[in-house]
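So you can see what is in the structure, the chains are spelled out below.
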Amino acid sequence: MSSVHSLPVARPFLKWVGGKSQLLGQFAELFPPALRADWRGRYFEPFLGGGALLFEFLERFRPATAFASDLNRDLVLCYQMIRDDLDSILAELRPLAEAYLEGDRTTRDGLFYAVREDFNRAEAGGNDSAHRARRASQLLFLNKTCFNGLYRVNRRGAFNTPSGAWKQNRPLICDEQNLRAVSAALRNVRLECAAYDWIEAQVGAGDFVYFDPPYRPLSPTSSFKSYTAGGFDDEQQRQLAACFARLAERGAMVMLSNSDPLSVDPADSFFDELYSGFRIHRVQASRMVNAKASGRGRISEIVVTNW
């Protein structure tokens, strides 16, 4: 039987809009020196999403304790079930993947919409382990087979992304090797379905906090915040900035990502004013949320730190 140490490095298991995998190299250059000097703090990530930085941090710095949370109940459930009962997820996911890969386009579409309907009809909560495993496996399946891998819900909280037309004939739906690596990586991670401010009662001096909130839209048509039925407006951005400042004053190392309004409007200094007491870095990211490849490209984003 393989040991935990023989597993590959865990990677994000969901495609998530705003995921940070592409930025990890630039982030590594911004990490504070304190992390490289026998650091003994804890890691907090209250807007979990795809978890790219969480997995990078767990591998690179080995925090004794890590806390991760998100308001998306299904997302948190999926993380919890991968950590606690991966075999039950795989028992549900493998037959779904096999049926999809064996079918033609019509069969695949029919299976996708049947799973999506069942997913939307069922409740996300509940403690029944079979129900939880089924729901987590359905989320994984839908994420791998929906249009552009785009997780999106409507105002009622129902998953509404359509079926995808994959250029590759056999998309990797059940990546068992990575899921086992993720399960091992999450073993000592506390996972909560909660708003970001729950961490204030937990964070202390020397801890590391990473905020990756829903990005402020760069134009009226560019907003994408549909991971939950709610939104994240400018007032909530201000409240988050106040939380950032309180944690920094407490002695925590705090890092935050967001869009860069100045990249499209030289007069929009919203974040430069909001975080004027901290250091604002600018990194280059690829814009991925567009049905047409021609609508994607490089764009500046901000990273705020208190060091």
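Check the entry above for the structure.
This write-up is about the structure you can find in this document. (Residues numbered from 1 in each chain as written. Predicted model: local features only at pLDDT ≥ 70, side-chain atom pairs only at ≥ 80, totals over all residues. Heavy atoms only, no water.)

## Topic: the environment of Ser-286
Here is step 1: Within the secondary structure layout, Ser-286 lies in strand β6 (residues 279-287).
Here is step 2: Considered as a pair, Ser-286 and Ser-300 are 14 residues apart in the sequence and their alpha carbons are 8.6 Å apart.
Here is step 3: Side-chain polar atoms of Ser-286 contact the side chain of Arg-298, separated by 3.1 Å. (Helix = DSSP H or I, 4+ residues; strand = E, 2+ residues; numbered from the N terminus. Polar contact = N/O pair within 3.5 Å; in protein donor to acceptor, adjacent residues only side chain to side chain.)

## As for the packing of aromatic side chains
The geometry of an aromatic ring pair comes down to the distance between the two centres and the angle between the two planes.
Here is step 1: Summed over the entire model, instances satisfying the criterion amount to 27 aromatic pairs.
Here is step 2: Here the aromatic rings of Phe-57 and Phe-208 are separated by 4.7 Å at their centres, their planes lie at 40°, and the arrangement is tilted. Of the two residues, Phe-57 is situated in helix α2 (residues 52-61) and Phe-208 in strand β4 (residues 208-211); the sequence distance between them amounts to 151 residues. Judged on exposure class, the residue Phe-57 and its partner Phe-208 are both buried.
Here is step 3: Within the aromatic cluster, the residues linked to one another by ring pairs are Phe-31, Trp-39, Tyr-43, Phe-57, Phe-61, Phe-208 and Trp-307.
Here is step 4: Over the ring of Phe-119 we find Arg-135; its NZ or CZ atom is 4.0 Å from the centre of that ring. (Phe/Tyr/Trp six-rings, centres within 6.5 Å; stacked < 30°, edge-to-face > 60°. Buried < 20%, exposed > 50% of the residue type's maximum accessible area, 1.4 Å probe, protein only. Lys NZ or Arg CZ within 6 Å of the ring centre and 35° of its normal.)

## Observations regarding the nonpolar core
Here is step 1: Grouped together as the largest cluster of nonpolar side chains are 64 residues, with contacts concentrated most on Phe-13, Phe-31 and Phe-208.
Here is step 2: If one sorts the elements of this core by residue count, helix α4 (residues 86-102) sits on top with eight residues.
Here is step 3: A domain split of this core shows at least three residues from each of domain 1 (4-71 + 194-305) and domain 2 (78-179).
Here is step 4: What Phe-13 contacts, discounting residues up to four positions off in sequence, is Phe-55, Cys-78, Tyr-79, Ile-82, Leu-140, Lys-144, Asn-178, Leu-179 and Val-182.
Here is step 5: Counting residues in hydrophobic clusters, the runner-up holds 25 residues, among them Phe-47, Ala-194, Trp-198 and Phe-232. (Core = buried A, V, L, I, M, F, W, Y, C linked by side-chain atoms within 4.5 Å. Domains from an automatic or database assignment. Contact = heavy atoms within 4.5 Å.)

## Digging into the packing of helix α5 (residues 105-121) against helix α6 (residues 129-145)
Here is step 1: The contact between α5 and α6 brings their axes to 10 Å, and the two run at 140°. The pairing of α5 with α6 is recorded here as oblique in orientation. Helix-helix and strand crossings are classified by hand; for α5 and α6 the assignment is left-handed. Every residue of α6 that contacts α5 at Leu-111, Phe-112, Val-115, Arg-116, Asp-118 and Phe-119 is listed here: Arg-134, Arg-135, Gln-138, Leu-139, Phe-141, Leu-142 and Thr-145.
Here is step 2: Its residues assigned to classes, the contact of α5 with α6 shows seven nonpolar, two polar and four charged. (Axes fitted to C-alpha atoms, helices over the stretch in contact; angles between N-to-C directions. Parallel < 35°, antiparallel > 145°, perpendicular 65-115°, else oblique. Left-handed = near helix turned anticlockwise from the far one by under 90°. Nonpolar A, V, L, I, M, F, W, Y, C, P; charged D, E, K, R; others polar.)

## Focus: the packing of α4 against helix α7 (residues 176-185)
Here is step 1: It is at 11 Å that the axes of α4 and α7 come closest, and there the two elements cross at 160°. Taken together, α4 and α7 sit at an angle that is classed as roughly antiparallel. Crossing of α4 over α7 shows right-handed handedness. Residues Leu-86, Asp-87, Leu-90, Leu-93 and Arg-94 of α4 touch α7, and the partners they reach there are Glu-176, Leu-179, Arg-180 and Ser-183.
Here is step 2: A class-by-class count of the residues in the contact of α4 with α7 yields four nonpolar, one polar and four charged.

## Notes on the side chain of Gln-80
Here is step 1: Turning to its location among the elements, Gln-80 is positioned in helix α3 (residues 73-84).
Here is step 2: Given a relative accessible area of 17%, Gln-80 falls into the buried group.
Here is step 3: Beyond its immediate sequence surroundings of up to four residues, Gln-80 is in contact with Arg-132 and Leu-191.

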